Amino acid sequence: MEDSKMDGARVSGRRLAAVALSLALAAGGLGLAGFRARMRPPAPSTSIITYPAAAQVSDFDLMTGELAARERRGEHPKLVFGSSELAPNQAGPAHPARLFTNGRYAIDAAVMGRAGTADLWSAIEMGAMAPRVSDRRMVFFVSMQWFMAYRKPEKEFPAVFSEGAYRAFMENPDISDGLKARITDRMAEYGVDRRAGSTALGGIVQEVDGWAAGLAADLRRAAGSDPVDAPGAQSVPVRDASKALGADEQAAQPRTPSGDPDWATLFSRAEADARSRSAGNADGFYDSWYKKRYRRWEEGARSTWKAPRDGSYFSRQELDDFKMLLEVCREAGIEPLIVIQPVKGVAYDKTVYTAEVRERYYDMIRGAAREARVSVADFSDREYDPLFLRDYSHPSDLGGAWYARAIYSWFATGEAETARAF
């Protein structure tokens with residue numbers, strides 16, 4: 001939640017900066033087109049984005065450009081959508097965003113989300129990306145937190161909204177006008193109104209927002225900076241494919257003779273890593289989070305989350321958004337893998353979101369996925385596995401390994417492997 005508030009403030013700041021700069025450039029007779037035309041060509045990136053910043057996910061050109069650059073280097077990026085669980089650095093090296101990079105395996109993970117990107121955001125991005133990728137199989141991590149009664153999409157959605165992605169979504173001829181209209185109406189409910197004739201200044205605001213979303217990247221490029229650099233982003237260096245792998249690189253991405261990930265080694269190391277980082281408590285929380293934040297999280301959850309009088313612990317509106325995402329997939333020819341994530345049972349049991357309440361959520365997501373006839377990797381039975389999650393809902397290195405194995409097996413065989421084989 002703190003990240004979302006900060007991202008919202010950054011969006012407002014970018015808008016003001018964009019307006020000021022647009023006026024300045026207009027006064028100088030340059031304008032945006034001239035500004036971009038005079039920028040130096042972008043240098044090849046030396047990094048791979050493993051978790052984008054808000055300024056990056058809201059810049060469609062940057063995200064598609066990063067994807068194209070990875071393909072040119074011979075990688076095999078597959079689109080992975082979700083939110084904060086996609087951040088790999090705190091989890092560990094077995095997290096799919098770090099494990100599947102640099103063309104070491106048959107697939108690479110291209111993370112397309114971050115904190116604040118929920119169902120509606122992903123529906124737009126998926127529809128926008130579909131005509132631009134050769135492989136329309138996409139992974140989507142769905143989170144219970146999006147559906148809980150305290151959700152505030154009107155604060156979070158504008159902070160990550162991408163004008164470029166929305167325009168590309170609307171230009172996708174495979175998506176019906178009716179679905180486009182419903183997506184646009186829902187955006188307006190969340191504070192981004194792009195309905196025809198919504199305001200007299202709507203067109204100007206739209207142009208400014210579109211410019212503001214990419215302004216930071218443009219300025220960094222004008223200064224010669226690597227376009228993947230941004231506050232809050234996570235990345236790994238691009239490996240020189242002409243050089244032999246070092247011992248550390250081979251250890252981080254072990255392979256079998258057939259070239260597949262060496263899952264036995266990966267799981268053994270991931271479990272040892274998760275165990276060592278949670279040695280100070282019996283519930284598997286990473287000690288760094290447990291000591292500094294767990295009590296505050298628990299106190300906040302108990303004071304903020306109240307049992308609703310009507311029994312509606314979960315948002316029907318967010319469920320509608322999830323179903324619209326599945327509709328976008330069907331119409332745009334996308335084959336999704338829905339990853340159902342657990343939450344930390346020992347933590348949530350101390351709140352109004354008890355095991356019985358949480359099961360309603362899992363059933364709701366399973367039902368929607370079953371109705372849409374899409375693949376599911378269901379990890380809801382791992383709520384009480386102490387080493388699966390490092391905090392209240394984010395994967396440990398071991399949890400990341402399970403997610404990575406499910407993703408890899410699904411792309412390889414069409415079936416997501418979730419069984420406890422190690």
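Everything below is about the structure shown above.
In this report, the structure presented in the accompanying data block is examined. The model shown is predicted, which means the values in this text are computed figures rather than measured ones.

Side note on the sheet that holds strand E3 (residues 108–111)
Pairing is parallel across the open sheet formed by 5 strands, whose spatial order is E3-E2-E4-E6-E7. Looking at the sheet topology across the chains shown, the edges are occupied by E3 and strand E7 (375–378). In this sheet, adjacent strand axes meet at a mean angle of 30 degrees when their direction is disregarded. Bridging between strand E2 (residues 77–81) and E3 involves 4 bridges; their strand directions are parallel. Looking at the pairing, Val-80 lines up with Val-111 of E3. Across the face of the sheet, helix H4 (residues 60–72) comes into contact with E2 and E3 while running at roughly 170 degrees to E3. Its contacts with the sheet put helix H6 (residues 119–129) on E2 and strand E4 (137–142), and the angle it makes with E4 is roughly 175 degrees.

Things to note about the packing of helix H15 (residues 316–332) against helix H17 (residues 355–372)
H17 packs onto H15 with a crossing angle of 25 degrees between their chain directions and a minimal axis gap of 10 Å. The pairing of H15 with H17 is recorded here as roughly parallel in orientation. Handedness of the crossing formed by H15 with H17: right-handed. Residues Leu-319, Phe-322, Lys-323 and Leu-326 of H15 lie in contact with H17, whose contacting residues are Met-364, Ile-365, Ala-368, Ala-369, Glu-371 and Ala-372. Per-class residue counts for the contact of H15 with H17 are 8 nonpolar, no polar and 2 charged.

A word on the pattern of salt bridges
Going through the model one piece at a time under the given rule, you end up with 24 salt bridges. Linking Arg-366 and Glu-359 is a salt bridge whose minimum nitrogen-to-oxygen distance equals 3.1 Å. Overall, Glu-359 belongs to the partly exposed group, its relative accessible area being 34%. One connected set of salt bridges, linked through shared partners, spans Glu-359, Asp-363, Arg-366 and Asp-378.

Digging into helix H9 (residues 177–189)
Compared with the 18 Å implied by 1.5 Å per residue over 13 residues, the 19 Å span of H9 between its first and last C-alpha is a close match. Looking at H9, one finds that the buried residues are Leu-179, Lys-180, Ile-183, Thr-184, Arg-186, Met-187 and Ala-188. Along its buried surface, H9 packs onto H6, helix H7 (153–160), helix H8 (163–171) and H15. Two residues or fewer past H9, Gly-191 is found with a positive phi of approximately 100 degrees.

What to know about the packing of H8 against H9
Packing of H8 against H9 leaves a shortest axis separation of 10 Å and a crossing angle of 155 degrees. Compared by their axis directions, H8 and H9 come out roughly antiparallel. As for how H8 packs across H9, the hand of that crossing is left-handed. Judged by residue contacts, Tyr-166, Phe-169, Met-170 and Glu-171 of H8 engage Lys-180, Ile-183, Thr-184 and Met-187 from H9.

What about H15?
Between its first and last C-alpha atoms H15 spans 24 Å; for 17 residues at 1.5 Å apiece the expected length is 24 Å, and the two agree. What H15 keeps buried is the set Glu-318, Leu-319, Asp-321, Phe-322, Met-324, Leu-325, Leu-326, Val-328, Cys-329 and Ala-332. On the buried face of H15, the contacting elements are H6, E4, H8, H9, strand E6 (335–340) and H17. A distance of 3.1 Å separates the backbone nitrogen of Gln-317 from a side-chain oxygen at the start of H15, and that oxygen is part of Ser-315. In the stretch just after H15, Gly-333 is the one whose phi turns positive, near 75 degrees.

A look at the side chain of Ser-162
With respect to the element layout, Ser-162 can be found in the loop between H7 and H8. Of the polar contacts made by the side chain of Ser-162, one reaches the backbone nitrogen of Ala-165; its length is 3.1 Å. With sequence-adjacent residues up to four places away left out, Ser-162 is seen in contact with Val-57, Ser-58, Asp-59, Phe-60 and Glu-125.

Structural notes on the packing of aromatic side chains
Counted under the stated rule, the structure contains 34 aromatic pairs. Ring geometry for Trp-305 against Tyr-348: centres 5.5 Å apart, planes inclined by 25 degrees, an arrangement best described as stacked. Taken together, the residues span a long stretch of sequence, with Trp-305 in the loop between helix H14 (294–304) and H15 and Tyr-348 in helix H16 (residues 345–348) at a distance of 43 residues. Judged by relative accessible area, Trp-305 falls into the buried class, the value being 9%. The positively charged end of Lys-344 is found above the aromatic ring belonging to Phe-285, 4.9 Å away from the centroid. Here the basic side chain of Arg-382 rests over the ring of Trp-402, its NZ or CZ set 5.0 Å away from the ring centre.

Some words on unusual backbone geometry
Positive phi values are uncommon outside glycine, yet Asn-102 reaches one of about 65 degrees. Locating Asn-102 in the fold gives a position in the loop between helix H5 (96–99) and E3. With relative accessibility at 17%, the residue Asn-102 sits in the buried group. Within the chain, Arg-373 stands out as a residue other than glycine whose phi angle is a positive 60 degrees. Residue class for Arg-373 comes out exposed when judged on its relative accessible area of 78%.

So, empty space enclosed by the protein
If you walk through the whole model with that rule in mind, you get 1 cavity of 30 Å³ or more. Here the largest cavity is characterised by a volume of approximately 70 Å³. Of all the elements in the fold, those that place two or more residues in the lining of the largest cavity are H4 and E3. In terms of residue count, the dominant contributor to the lining of the largest cavity is H4 (4 residues). Classifying every residue of the lining of the largest cavity by side-chain character gives 6 nonpolar, no polar and 2 charged.

Scoring rules and cut-offs
Residues numbered from 1 in each chain as written. Predicted model: local features only at pLDDT ≥ 70, side-chain atom pairs only at ≥ 80, totals over all residues. Heavy atoms only, no water. Pairing = 2+ DSSP bridges. Helix = DSSP H or I, 4+ residues; strand = E, 2+ residues; numbered from the N terminus. Axes fitted to C-alpha atoms, helices over the stretch in contact; angles between N-to-C directions. Contact = heavy atoms within 4.5 Å. Parallel < 35°, antiparallel > 145°, perpendicular 65-115°, else oblique. Left-handed = near helix turned anticlockwise from the far one by under 90°. Nonpolar A, V, L, I, M, F, W, Y, C, P; charged D, E, K, R; others polar. Salt bridge = Lys/Arg side-chain N within 4 Å of Asp/Glu carboxyl O. Buried < 20%, exposed > 50% of the residue type's maximum accessible area, 1.4 Å probe, protein only. Expected span 1.5 Å × (residues − 1). Polar contact = N/O pair within 3.5 Å; in protein donor to acceptor, adjacent residues only side chain to side chain. Phe/Tyr/Trp six-rings, centres within 6.5 Å; stacked < 30°, edge-to-face > 60°. Lys NZ or Arg CZ within 6 Å of the ring centre and 35° of its normal. 1 Å grid on protein atoms, 1.4 Å probe; cavity = no way out; pocket = protein on both sides within 12 Å on 5 of 7 lines; lining within 4 Å. Points joined across faces, edges and corners; volume = space filled by probe spheres on them.

The analysis is restricted to geometry; functional conclusions fall outside its scope.
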